[in-house]
Amino acid sequence: MKLNVKYSEFVKRINSFKKDFEKLTKQNVNNEYEYENLESSFIDLRNNCSTYIQFVFSEDISLNFSNLIRYENRLNAGREIPLSQKAKNLNNRIKQRIKNIEYLIQIVELSDPLFLGKSFKQERSNLTTNEKATFLLSKLYSLRKTNRLWDTKMIFEFNQIELDSYDEARGITKILENNGYVEAIGTKDGLSAKITSVGKLFWEENSHTVSKKETKKNMDIFISHSSQDAETAKLLIDLLKTSLNLSSSKIRCTSVNGYRLPAGTSTDETLKKEVHDSKVLIGLISPKSINSAYVLFELGARWGASLPLIPLITSELGSELLKGPLSGINALNCCEPAQLQQLISDLKSILEITGESPEVYQEKIELLVNHCLKELLPSTKKSKSSIKLKSQKNISSSKKDDDKIKSYCENEWPDDYAMQVNCIKEQRAAKKDLETFKPLDIPEDVFKKILEKAISEWPTDYTMQVHSRNEQIEAYVELNDL
């Protein structure tokens, strides 16, 4: 695959088409004349976008890309239906073009000519079936966070992998499916697939090897925390060192002297590496830390890599502080001596060490528990009733939101149950994204305005709220770079 223009120019131009499509979704249709004008504008824009795509990509792939925008399977075309339904159907057709453009950008970003071209020493035409299967799994792993099915034949073609026949893509995908590495659904020429948790674990264990020398340099324990919880972190370190017989060099805690980063190191790069490479990450969870961009980043990166992660709660709010995917992880509480004993026991198992007997470090547990309880004493009595009420309110609110999603998808696709299911899944995922995402590079007040704008423009469509939010964030960052 060859891109005939600069990648930045392509992204800028294709995004301008996307914005033009989005403008069409906001136009009102009150009569047949307005409907015909809107449909005509849509067809012109669709054709112009498709023509541009054919122009910028090499001939071997341009038609596949172009058809993503041009092709429509309109089974009900020509049938007499009410104007309101026609307008809704047209709006859905326009939205589908927007989704296809997003799909196109994602798969181009992950194509080897732009990013991963040096991964293979052999010519693509000489790859064996096993090498092609390995390549496909690597791509599906890269695409795992999109949580959607990807046409495996297109992945091969976009990355200049030579196939013996259209059936070869199906056969290679089936090999991965039979091993449990991918989940697949059949298409005309091949299979659409996404990586499974088994495939993800297999790829992470086998895609790279770490030498024994490098392993020795890795941290045993990384403590993710807010600087405002430094005293709690210090007491936790005392407990860990005593109970596990660990040296200071095996623990990273950036707010406690003796455990900070070495002088002169690149903070972001070193933290990123240690968050991933440490044997276990302990996240100190408090109202202060859960609002820290760095803590959220560290916890999210660790969770996304499926590596050992232990949330250690220091607040009376307990597991309510954990949002999004982290809410599904079993957390321990600093205020409970028995749970701190479990923490030590779990760490001994993860680190494969014997450590000390409980009587040696019992005093350290008591110091940490007393510190956490002291922090909570002023508000403990009041908080128990408020927690219960808040929990009930959250459950009610969550059900209400889910009912709203189902109603929205039913109205969008009244006669298509398969699309209703897909719509509900996409809306739920978008809602979760809205609840958990917090950018690191823009001020909180700006981010709040961006969210308010997205919600006001798309009050019932969470996927479009996410899209609007991301677009505004990109624009804000670009604006500050000008």
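Residues numbered from 1 in each chain as written. Predicted model: local features only at pLDDT ≥ 70, side-chain atom pairs only at ≥ 80, totals over all residues. Heavy atoms only, no water.

Taking 1.5 Å as the rise per residue, helix 13 (residues 337–351) with 15 residues should run 21 Å; its terminal C-alpha atoms sit 21 Å apart, in good agreement. The positive-phi residue at the C-terminal boundary of helix 13 is Glu352, with phi of around 60°. (Helix = DSSP H or I, 4+ residues; strand = E, 2+ residues; numbered from the N terminus. Expected span 1.5 Å × (residues − 1).)

Below, the discussion takes up the pairing of strand 4 (residues 221–224). The two faces of strand 4 match: Ile221 and Ile223 on one face and Phe222 and Ser224 on the other face are all buried. Sheet topology places strand 4 next to strand 5 (residues 251–252); two bridges connect them, and they run parallel. Looking at strand 5, one finds that Phe222 is bridged to Arg252. Crossover handedness for the path strand 4 to helix 10 (residues 230–244) to strand 5: right-handed. (Buried < 20%, exposed > 50% of the residue type's maximum accessible area, 1.4 Å probe, protein only. Pairing = 2+ DSSP bridges. Right-handed = clockwise from strand over helix to strand, strands pointing away.)

A few words now on the sheet that holds strand 5. Pairing within the open sheet is parallel, and its five strands lie in the order 5-4-6-7-8. Taken across any chain shown, the strands that pair with only one partner, and hence form the sheet edges, are strand 5 and strand 8 (332–333).

Our next topic: the side chain of Thr25. Turning to its location among the elements, Thr25 is positioned in helix 1 (residues 7–25). Classification of Thr25 as buried rests on a relative accessible area of 11%. Contacts of Thr25, omitting those with residues within four sequence positions, involve Asn91, Ile94, Lys95, Ile98 and Trp458. (Contact = heavy atoms within 4.5 Å.)

Below, the discussion takes up the sheet that holds strand 1 (residues 150–151). Within the open sheet, the three strands sit side by side as 1-3-2. Their pairing is antiparallel. Edge positions in the open sheet fall to strand 1 and strand 2 (182–186), since each of these has one partner strand only. Packing against the sheet, helix 5 (residues 129–142) makes contact with strand 1, strand 2 and strand 3 (191–195), and its axis sits at approximately 65° to strand 3. (Axes fitted to C-alpha atoms, helices over the stretch in contact; angles between N-to-C directions.)

Moving on to the state of the cysteines. Applying the stated criterion across every chain yields a total of one disulfide. Sulfur-sulfur distance for the disulfide between Cys409 and Cys423 comes to 2.1 Å. Between Cys409 and Cys423 the sulfur-sulfur dihedral comes to about -75°; the bridge is accordingly left-handed. Note that Cys409 is positioned in helix 15 (residues 380–412) and Cys423 in helix 16 (residues 417–436), a separation of 14 residues in sequence. For the pair shown, Cys409 and Cys423 are each scored as buried. (Disulfide = S-S within 2.5 Å.)

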